[in-house]
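# Chain and residue survey
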Amino acid sequence: MMSAASSPRDRLLETARRLFYAEGIHTVPVDRLITEAGVTRATFYRHFPAKEDLVEAYLRATDADLRAAVADTLEQPDPQQAAAALLDLIGQVTCSAGFRGCHFINASAEYPDPADPVRVAVAEHRAWFQETVTRLAAQTGHPDPDHAGRVLVLLHDGALSAAELDDPQQVRKTVIRAGKDLLGLTA
């Protein structure tokens, strides 16, 4: 529920985050965003000159949230514990209420041009995640952290896709087990 005291920009962003994720970006018209956020058309365009600017802001806000969640997860005293916690976080996400896949994969399906600012935001998020899991693989002592990082990204992407199509609990168990096997973590 949005606070009436929140700024119009915040209300627009919160509304976009909810609707874009639940329904898809192109299916949600600007008029609906304006109505549900309780702002005027002029206010919308003052903060976001085009709908794509709001889409980019939505992805960047989602990216910031995910970076914070991962940073919290990685604050473990031991790299192996941190890796296990990250795998568990991925598993938790796949089983969360209202889960509809990966925000970034979903957005990239709607914006195919790699030069589009929306796709640039997606690419920057993915590069950060790739760097994060590769560094984590190195910290756990994996003999080929670059390969392990790429595999972890594939496991992540696969889990976020499969959990929408298959049994999320089974996907959660599989991604955790596969990640632990890859990194040589104890059960």
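Residues numbered from 1 in each chain as written. Predicted model: local features only at pLDDT ≥ 70, side-chain atom pairs only at ≥ 80, totals over all residues. Heavy atoms only, no water.

Across its full length, the protein carries 9 helices and 0 strands. Ordered by position from N to C terminus, the α and β elements of the protein give α-α-α-α-α-α-α-α-α. The dimensions of the protein, computed from C-alpha atoms along their principal axes, are 55 × 30 × 30 Å. Taken across its 187 residues, the protein has 41% of its residues classed as buried. The contacts in the protein between residues at least 6 apart in sequence include a share of 64% that link residues at least 24 apart. (Helix = DSSP H or I, 4+ residues; strand = E, 2+ residues; numbered from the N terminus. Buried < 20%, exposed > 50% of the residue type's maximum accessible area, 1.4 Å probe, protein only. Contact = heavy atoms within 4.5 Å.)

Bringing the UniProt feature "domain: HTH tetR-type" (unreviewed entry) in the protein into the picture now. Annotation from UniProt places "domain: HTH tetR-type" (unreviewed entry) at residues 6-66. Each end of residues 6-66 is marked by a C-alpha atom, and these two atoms are 22 Å apart; helix forms 77% of the span and strand 0%. (UniProt positions renumbered as here; feature names shortened; annotations may be inferred.)

Now for the nonpolar core. Phe-20, Leu-33, Phe-44, Leu-54 and Leu-59 are the most contacted members of the largest nonpolar core, which has 53 residues in total. Listing elements by their share of this core, those giving two or more residues are helix 1 (8-23), helix 2 (30-37), helix 4 (51-73), helix 5 (79-94), helix 6 (103-110), helix 7 (117-139), helix 8 (145-165) and helix 9 (168-183). If you tally residues by element for this core, the top one is helix 7, at 8 residues. (Core = buried A, V, L, I, M, F, W, Y, C linked by side-chain atoms within 4.5 Å.)

Right, let's talk about the pattern of salt bridges for a bit. Within the structure shown, the criterion is met by 12 salt bridges. With a closest N to O distance of 2.8 Å, Arg-32 and Glu-36 form a salt bridge. Remark: Glu-36 and Arg-32 occur in helix 2; sequence separation between them is 4 residues, near one turn of the helix. You can call Glu-36 partly exposed: its relative accessible area is 31%. (Salt bridge = Lys/Arg side-chain N within 4 Å of Asp/Glu carboxyl O.)

Right, let's talk about the packing of aromatic side chains for a bit. Going through the model one piece at a time under the given rule, you end up with 4 aromatic pairs. For the pair Phe-20 and Tyr-58, a centre-to-centre distance of 5.5 Å together with 75° between the ring planes defines the contact as edge-to-face. A residue pair is termed long-range when its members are at least 10 positions apart, and Phe-20 in helix 1 and Tyr-58 in helix 4 qualify at 38 residues. Each of the two residues, Phe-20 as well as Tyr-58, counts as buried. Relative to Phe-48, the ring of Phe-44 lies with its centre 6.1 Å away and its plane at 50°, an arrangement referred to as tilted. By relative accessible area, Phe-44 is classed as buried at 0%. Overall, the relative accessible area of 2% leaves Phe-48 in the buried class. (Phe/Tyr/Trp six-rings, centres within 6.5 Å; stacked < 30°, edge-to-face > 60°.)

All right, on to the packing of helix 1 against helix 2 then. Relative to each other, helix 1 and helix 2 sit at 125°, their axes nearing to 9 Å. By the criterion of interaxial angle, the relationship of helix 1 to helix 2 is oblique. Judged by the twist between their axes, the crossing of helix 1 over helix 2 is right-handed. Two secondary-structure elements touch here, helix 1 through Arg-11, Leu-12, Thr-15, Ala-16, Arg-18, Leu-19, Phe-20 and Glu-23 and helix 2 through Arg-32, Leu-33, Glu-36 and Ala-37. Across the contact of helix 1 with helix 2, the residue classes tally to 6 nonpolar, 1 polar and 5 charged. (Axes fitted to C-alpha atoms, helices over the stretch in contact; angles between N-to-C directions. Parallel < 35°, antiparallel > 145°, perpendicular 65-115°, else oblique. Left-handed = near helix turned anticlockwise from the far one by under 90°. Nonpolar A, V, L, I, M, F, W, Y, C, P; charged D, E, K, R; others polar.)

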